[in-house]
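What follows is each chain in one-letter form.
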Amino acid sequence: MRIVITQNTTLDGRIEMLDDWFDPSNQDEDLAEELMRQTEREDVLLLGRQTFEDFRGFWPLQTGDTTGVADSLDRADKRVVSSTLTDPGWQNTTVISGDPLKAVLEMRAAPGRDVIITGSIQLCHALIRAGLVDLYRMFTHPAWQGRGRGFFPDGYSVPQLRRTETRAFAGGVVYAAYEPLAGLGSEQDY
């Protein structure tokens, strides 16, 4: 399977949401369609514990969701990385309590489509440092935060990337996808 990080980011590359620049329930129709298009290739949604709890506390409660995101997340094969969570409390969820990099390597070697990671900054940064990411997807919002953690870990030398897709949406969000020039399977020393 291909390992894909999908993040919402500000113009200054911040993914940690310290201000109110992102609202998951306020998306234009074209953006919602793009997210669902990407979800069609998803076999696994991989999340860190905090992002999982944020999702679990929001999406299952969206009974009037017309975008299809809530239903899609309910059906998704969700895997949450946590050393403390025992009962995920959301259908179709498996807890990964061991080494997350080993679990990702196993998923990556398995047949299938995409393993999507979103939010989950600590987990994403660990996967980036280990060279386990096959595709980076960025939804850039027209906002400048000036603080907070970025898409890539501080001090990390970002490899050369090749843009594979780009699209602008009416609400001001710009989507772009990039893959490492070294190609798929370019893990470092893990």
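Everything below is about the structure printed above this text.
Scoring rules and cut-offs
Residues numbered from 1 in each chain as written. Predicted model: local features only at pLDDT ≥ 70, side-chain atom pairs only at ≥ 80, totals over all residues. Heavy atoms only, no water. Pairing = 2+ DSSP bridges. Helix = DSSP H or I, 4+ residues; strand = E, 2+ residues; numbered from the N terminus. Core = buried A, V, L, I, M, F, W, Y, C linked by side-chain atoms within 4.5 Å. Buried < 20%, exposed > 50% of the residue type's maximum accessible area, 1.4 Å probe, protein only. Contact = heavy atoms within 4.5 Å. Axes fitted to C-alpha atoms, helices over the stretch in contact; angles between N-to-C directions.

Attention now moves to the pairing of strand β3 (residues 78-81). Both strand β2 (residues 42-48) and β3 contribute to a ladder of 4 bridges, which runs parallel. Bridge assignment links Leu47 to a residue of β3, and that residue is Val80. Both β3 and strand β4 (residues 93-96) contribute to a ladder of 4 bridges, which runs parallel. Its bridge partner being in β4, Val81 is matched across the sheet by Ile96.

Here the focus is the nonpolar core. Counting 27 residues, the largest nonpolar core has Leu46, Met107, Val115, Ile117 and Leu127 as its most contacted members. When contributions to this core are tallied by element, the ones reaching two or more residues are β1 (2-9), β2, α4 (100-109), β5 (114-117), α5 (121-129) and β6 (135-140). Among residues more than four places away in sequence, those in contact with Leu127 are Leu101, Val104, Ile117, Leu132 and Val133. One finds Leu45, Phe52, Val80 and Phe139 within the second-largest nonpolar core, a separate group that totals 20 residues.

In this section: the environment of Gln160. For Gln160, the location among the structural elements is in the loop between β6 and β7 (161-168). Judged by relative accessible area, Gln160 falls into the exposed class, the value being 61%. Separated by 136 residues in the primary sequence, Gln160 and Pro24 place their C-alpha atoms 30 Å from one another. In this structure, Gln160 is in contact with Glu179, Pro180 and Leu181, ignoring residues within four places of it in sequence.

Next up on the list: unusual backbone geometry. In this structure, Asn92 is a non-glycine residue whose phi angle is positive, near 60°. Within the secondary structure, Asn92 sits in the loop between β3 and β4. Its identity is not glycine, yet Ser120 carries a phi of approximately 45°, on the positive side. Turning to its location among the elements, Ser120 is positioned in the loop between β5 and α5.

Let's shift gears to the sheet that holds β6. Strand order in the open sheet made by the 8 strands is β4-β3-β2-β5-β1-β6-β8-β7, with mixed pairing throughout. Either end of the sheet is taken by a strand with one partner, and the two such strands are β4 and β7. For this sheet, the mean inter-axis angle between neighbouring strands, taken without regard to orientation, is 25°. On top of the sheet, helix α1 (residues 29-39) reaches β1, β2, β6, β7 and β8 (174-180); it is set at about 165° to β6, its chief contact.

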